[in-house]
Amino acid sequence: MIITALVLVLLGLGFFGAAFWLWSVYFLGALYFFQAPTWILIGVLVIAVIGVVEPIRALLLSKGVMAALKALKFLPTISETEKVAIEAGSVWVEGDLFSGRPDLHKLMKEPYPTLSAEEKAFMDGPLQKLCEMIDDWVIWKDRKIPDDVWDFIRKEKFLGMIIPKEYGGLGLSPMGHSEVIRTIASRSLAVAIHVMVPNSLGPAELLVHYGTDEQKKRLLPRLADGTEIPCFALTEPTAGSDAGSLTAEGVLFKSADGTLMLRLNWNKRWITLASISTILGLAFRLKDPENFLGKGTDLGITCALIPTNTPGVDVSQRHDPLGVPFYNCPTHGKDVVISADAIFGGIANAGKGWQMLMECLSAGRGISFPAQSVGGSQVITRAVSAHALVRQQFGVSIGRFEGVQEPLSKIVGFNYILDALRCYTLSALDQGMKPGVVTAIAKYYSTEMAREIVNHGMDIMGGAGISLGKRNLLGHIYVTAPIAITVEGANILTRTLMVFGQGALRAHPYAFAEVKALEKNDVAAFDVAFWGHIGHVVRNVFRSVLLSLTRGWLSNPPRWGSVGGYYRKLSWISASFAIMADIAMGSLGGKLKVKESITGRFADILAYMYIGTAVLRRFEADGAKKEHLALVHFAMTHVMGKIQHAFDGIFSNLEVPLLTWFFRGPIRVWSSVNSLGGGDVADAHVHKIATLILDDPAIREHLTAGMYLPKKEGEQLLRLDTAVLAMKKAESAERKLKKAVRAKTLAKKPLHDLIVDGLKAGVISAEEERDLKKWDELRIDAIQVDSFTEAEYHASRATHSV
């Protein structure tokens with residue numbers, strides 16, 4: 001008992017703080033009751049005093065620990081640009097999920113985003129009109145947006161969605177902004193890119209948040225109505241995902257009249273809209289060799305606005321991004337001279353550009369990429385499910401074949417996940433937060449899932465997917481997919497460096513505080529953070545073991561019943577993730593930054609916990625409808641499978657001094673025996689999901705709500721929708737014909753011949769004959785593909801070769 005008490009007192013150091021003295025009194029009382037020797041009582045009392053009195057603990061324990069960590073270079077070295085990136089924005093639900101003790105009741109009460117009446121009017125008016133004007137095939141064939149479409153975009157202020165009304169913009173909420181991008185993306189990704197980039201990272205965003213009053217009043221109205229076309233130049237040949245390594249340079253000097261000026265030189269590439277821009281935002285390193293500002297000679301990354309007609313500015317060329325018709329360009333500047341007042345926010349913001357960029361990027365990518373992904377995926381869901389119904393082989397809709405149902409179910413299930421991820425992320429942005437880790441998750445996993453959806457769609461569409469023309473609804477989405485994967489932080493590095501690399505410090509309750517305390521040599525701050533971290537570890541060890549042994553049954557889910565198990569598993573996963581993240585940080589120390597295979601798996605766990613939370617929140621927001629349970633079960637099975645796979649990879653590959661065998665042996669075996677479940681969705685459930693999208697019009701409408709639905713005759717999606725309706729109307733008559741064939745009443749023939757025989761034999765009525773003929777006519781038309789004369793083919797060949 002005495003030894004047990006001593007151990008518990010030592011563990012109690014991990015729970016130091018206001019309650020620690022209670023532990024101390026309890027154990028001292030226990031020792032006294034068991035008549036422990038005086039020297040033990042004194043020893044426990046000393047430990048208790050050290051634990052309770054922070055200055056003593058800091059002096060006797062924390063100072064030595066701090067010195068040891070510094071000597072061993074245990075914690076990662078963080079550059080100034082990394083530090084700014086980590087501190088930019090805010091922490092939202094990812095902090096809960098990282099803690100090991102997520103308050104799922106609170107996470108399910110996060111407000112779900114909605115549109116205002118004014119925003120709905122914009123969606124029903126100008127947005128619908130714009131989509132009606134767009135002909136995506138013509139845009140690709142001509143390699144440009146038609147002038148009337150571009151003029152309408154400017155006139156209706158689509159380029160000013162994020163600009164407040166007081167400056168002439170639309171002042172849309174993040175949800176409104178997202179809805180516009182989603183709807184346009186369902187019509188044309190090329191047009192969506194032109195609209196979304198000026199409303200994401202660009203001059204307008206930076207001016208709204210950091211511009212001077214004079215800059216806002218002069219430029220924002222002109223940006224809102226399209227008088228000025230903006231671009232923002234960040235990326236360079238040697239500065240892509242590592243945007244902090246910019247070589248573009250600005251040098252401060254004084255003109256003859258004493259005005260402070262900037263001389264700029266740059267070489268940028270992959271800058272959207274640059275060649276048609278009238279005003280260029282530029283990120284560069286600012287030098288002050290004469291120390292005019294009194295802040296030293298190297299002021300750091302700075303952002304400024306430059307009219308593109310300024311001498312020395314070159315925006316005359318463009319890249320060709322996979323043939324996708326949008327302006328993506330290089331830009332060069334040679335000895336470009338502008339006033340120092342062109343810096344965003346004026347000279348007071350010299351050197352603050354990196355912070356600006358990180359804060360704006362964290363918001364913009366959380367809106368644009370999920371919205372674009374959802375828009376394209378909704379088109380695929382609607383078109384492919386219709387095609388799977390109306391295209392028949394062996395007298396049966398191809399959607400009834402199990403080989404087709406498997407990819408079809410993934411399209412449907414991933415579509416549900418994508419919109420859940422989009423809307424939950426918008427919840428934070430609508431509340432004014434900018435959670436960098438969450439928006440990085442939204443960018444990476446939405447674009448990757450969208451790419452998987454289009455791949456499955458192409459498999460099902462077959463020849464209709466690969467034959468380009470006005471009838472092809474998937475080809476342009478397929479070609480465009482890699483662009484979203486690549487821009488605003490390449491996905492490969494977003495996953496490892498941002499989701500977990502930054503998340504490990506930003507979302508962890510203590511890690512970043514420890515790093516900052518070490519850098520500042522602040523023993524008191526380190527004492528609080530370090531012992532808080534120890535307590536965090538101890539709590540999560542016990543919590544993860546107990547939740548693992550009980551498979552989460554000790555948690556308190558917000559909802560029981562059919563989805564209660566998913567809440568329990570999220571609590572269990574969070575506890576296991578938290579302790580394994582601490583073990584990884586403790587065993588690898590500063591080397592964790594370069595162990596990207598390990599950090600990538602941790603990123604997957606954190607991300608899929610967030611995605612699972614988003615799915616459950618969507619289920620609640622939709623009214624927890626029974627008919628949506630199949631979608632939730634599919635989504636959460638996928639989530640659990642991804643998390644289980646990531647944990648297994650960590651257990652098999654993480655090297656922990658003296659304990660590697662333990663994780664690769666007993667823990668890995670226990671993980672397999674006590675699995676989270678998930679993985680491949682059961683065949684029966686695959687069939688259920690596929691049947692839902694094929695046979696339940698309400699589910700089909702629910703999953704594609706908000707996308708553009710064309711009404712003009714000759715539109716391929718309208719052809720498919722019309723054919724589906726005709727099929728539903730003729731289904732009962734077709735069943736009668738098939739039954740007659742099985743009974744040998746009618747001979748087996750192609751449908752159009754069978755209709756004639758069926759009417760003659762009295763198997764179907766005259767009305768049913770008309771319905772069947774209409775259905776047969778519409779289905780044949782709906783599955784046709786485009787063809788071209790030799791001259792037509794060669795005229796458009798260059799635009800579609802990639």
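Residues numbered from 1 in each chain as written. Predicted model: local features only at pLDDT ≥ 70, side-chain atom pairs only at ≥ 80, totals over all residues. Heavy atoms only, no water.

A.B. asks: Looking at this structure, I do not really get the packing of helix α21 (residues 511-520) against helix α22 (residues 523-549). What am I missing?
C.D. replies: Pairs of packed helices are described in terms of their axes, by the angle between the two and the distance that separates them. It is at 8 Å that the axes of α21 and α22 come closest, and there the two elements cross at 150°. The orientation of α21 with respect to α22, classified from their angle, is roughly antiparallel. As for the relative orientation of α21 and α22, their crossing is left-handed in sense. Within the contact between the two elements, α21 uses A513, E514, A517 and L518 and α22 uses A525, F526, A529, F530 and H533. Across the contact of α21 with α22, the residue classes tally to seven nonpolar, one polar and one charged. (Axes fitted to C-alpha atoms, helices over the stretch in contact; angles between N-to-C directions. Helix = DSSP H or I, 4+ residues; strand = E, 2+ residues; numbered from the N terminus. Parallel < 35°, antiparallel > 145°, perpendicular 65-115°, else oblique. Left-handed = near helix turned anticlockwise from the far one by under 90°. Contact = heavy atoms within 4.5 Å. Nonpolar A, V, L, I, M, F, W, Y, C, P; charged D, E, K, R; others polar.)

A.B. asks: Got a minute to help me understand helix α14 (residues 213-224) in this structure?
C.D. replies: One turn of the α-helix equals 3.6 residues, which is why residues spaced by three or four share an orientation. In this model, α14 (twelve residues) spans 16 Å end to end at C-alpha, consistent with the 16 Å of a helix rising 1.5 Å per residue. Of the positions making up α14, those classed as buried are Q215, K216, L219, L220, L223 and A224. Burial along α14 is one-sided: seen end-on, the buried residues are contained in an arc of 130°. The elements touched by buried residues of α14 are α10 (147-155), α13 (203-210), β1 (230-233), β4 (279-287) and β5 (298-307). Immediately downstream of α14, the backbone of G226 shows phi near 80°, a positive value. (Expected span 1.5 Å × (residues − 1). Buried < 20%, exposed > 50% of the residue type's maximum accessible area, 1.4 Å probe, protein only. Arc of directions from axis to C-beta.)

A.B. asks: Got a minute to help me understand the pairing of β4 in this structure?
C.D. replies: Residues in a regular strand point their side chains to alternate faces of the sheet. With seven of its nine residues buried, β4 lies for the most part within the structure. Pairing of β1 with β4 involves four bridges; the strand directions are parallel. Across the sheet, the residue bridging to C231 is L280, located in β4. In this structure, strand β2 (residues 249-254) lies alongside β4, joined through three bridges in parallel fashion. (Pairing = 2+ DSSP bridges.)

A.B. asks: I would appreciate a short explanation of the packing of α13 against α14 in the present structure.
C.D. replies: Relative to each other, α13 and α14 sit at 150°, their axes nearing to 10 Å. Our pair here, α13 against α14, has a crossing hand that is left-handed. Contacts between α13 and α14 involve P203, A204, L207 and V208 on the former and, on the latter, Q215, K216, L219, L220 and L223. Along the lines of polarity and charge, the residues of the contact of α13 with α14 split into seven nonpolar, one polar and one charged.

A.B. asks: Help me out: how do you make sense of a nonpolar patch on the surface in this one?
C.D. replies: Nonpolar side chains collect at one region of the surface, where V541, V545, L549, V669, W670 and V673 lie side by side and expose about 560 Å² of accessible area between them. Structurally, V545 can be placed in helix α22. Judged by relative accessible area, V545 falls into the partly exposed class, the value being 43%. (Patch = residues over 30% accessible without salt bridge, like charges linked within 9 Å, V, L, I, M, F, W, Y side chains within 5 Å. Areas by Shrake-Rupley, 256 points an atom, 1.4 Å probe, with all protein chains shown as cover. Salt bridge = Lys/Arg side-chain N within 4 Å of Asp/Glu carboxyl O.)

A.B. asks: Mind showing me how you'd approach the pattern of salt bridges here?
C.D. replies: When charged atoms on two side chains of opposite charge get close, those side chains can pair. Across all of its chains, the model carries 35 salt bridges by this definition. The shortest N-O distance in the salt bridge between E214 and R218 comes to 2.6 Å. Of the two residues, E214 and R218 are both situated in helix α14; the distance of four residues between them amounts to about one turn of the helix. The class of E214 is partly exposed, set by a relative accessible area of 45%. With a closest N to O distance of 2.6 Å, D419 and R422 form a salt bridge. With D419 and R422 both in helix α16 (residues 402-430) and three residues apart, the pair spans about one turn of that helix. Take D419 and R422: they sit in the same class, and that class is buried. Through salt bridges with shared partners, a single ionic network connects E179, R182, D419 and R422.

From the geometry alone we can't say anything about function, so treat these as descriptive.
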